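# Inside the fold
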Amino acid sequence: CEIMKDDGTMARMDDIKAFPREHDDAETWSDTGVELFLNVSCDRLNYYHLVINFNGNITDYTALKAGSGYAKGDTKWNSGATAKVERRGGGYVITVSVPLKSLGTVPDEFPVEVCRSRVTKSGEGYCLYHWSPYAKDWDEVRAFGTISFR
């Protein structure tokens, strides 16, 4: 991900907002990073949510989306995921590995959403990205795209 400011110039990597955080810190989502939403049950209600910030800190939990508003999460679940952040020039790559055994029975295809947040200390260049073009909110499980392993 290259970090571009609103005026079209490259943001400095030292302007990226991401604090060192403990596992399952409730504020990890407020940093620059990525979020994975995995609905392996295919019911478009229950999902696994992983939040990984620019430092590689991970918050993971199960969630149930019932009705309007944000889903209720449970941080007792631990994915066993690992994350590696690699800085490349004016950008970065976050590689996330999630052990399949932590997800239970995984079908050949299931609903997924991938989001990226760009948060800066200066406030310039703030942006949120969704993989699914239909999602209007982070946890809109009914609008997730589908990933296939076939």
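For the structure, see preceding data.
Residues numbered from 1 in each chain as written. Predicted model: local features only at pLDDT ≥ 70, side-chain atom pairs only at ≥ 80, totals over all residues. Heavy atoms only, no water.

Another point: the state of the cysteines. Throughout the structure, instances matching the rule amount to 0 disulfides. The closest cysteine sulfur to the non-disulfide-bonded Cys42 is located on Cys115, 18 Å from its own sulfur. For the unlinked cysteine Cys115, the closest cysteine sulfur is that of Cys127, found at 12 Å. Residue Cys115 is classed as buried on the basis of its relative accessible area of 2%. (Disulfide = S-S within 2.5 Å. Buried < 20%, exposed > 50% of the residue type's maximum accessible area, 1.4 Å probe, protein only.)

Moving on, we come to the side chain of Asp15. In this fold, Asp15 is placed in the segment before strand E1 (33-38). Only 2.6 Å separates the side chain of Asp15 from the side chain of Ser122, close enough to count as a polar contact. Those residues within four positions of Asp15 in sequence are excluded, and the remaining contacts are Val119, Thr120, Lys121, Ser122 and Glu124. (Helix = DSSP H or I, 4+ residues; strand = E, 2+ residues; numbered from the N terminus. Polar contact = N/O pair within 3.5 Å; in protein donor to acceptor, adjacent residues only side chain to side chain. Contact = heavy atoms within 4.5 Å.)

Before going further, it helps to spend a moment on the pairing of strand E7 (residues 109-118). With 8 of 10 residues buried, E7 is to be regarded as a mostly interior element. In this structure, E1 lies alongside E7, joined through 6 bridges in antiparallel fashion. Its bridge partner being in E7, Phe37 is matched across the sheet by Glu113. Bridge analysis of E7 against strand E9 (residues 145-148) gives 4 bridges, and the strand direction is antiparallel. Bridge pairing links Phe110 to Ile147 in E9. Examined bridge by bridge, E7 and strand E8 (residues 127-130) share 4 bridges and lie antiparallel to one another. Bridge pairing in E8 links Ser117 to Leu128. (Pairing = 2+ DSSP bridges.)

The subject of this paragraph is unusual backbone geometry. Phi is positive for Asp24, close to 65°, though the residue is something other than glycine. Mapped onto the secondary structure, Asp24 falls in the segment before E1. The phi angle at Cys42 is positive, at roughly 60°, despite the residue not being glycine. Here Cys42 shows up in the loop between E1 and strand E2 (46-53). The exposure class of Cys42 is partly exposed, given its relative accessible area of 39%.

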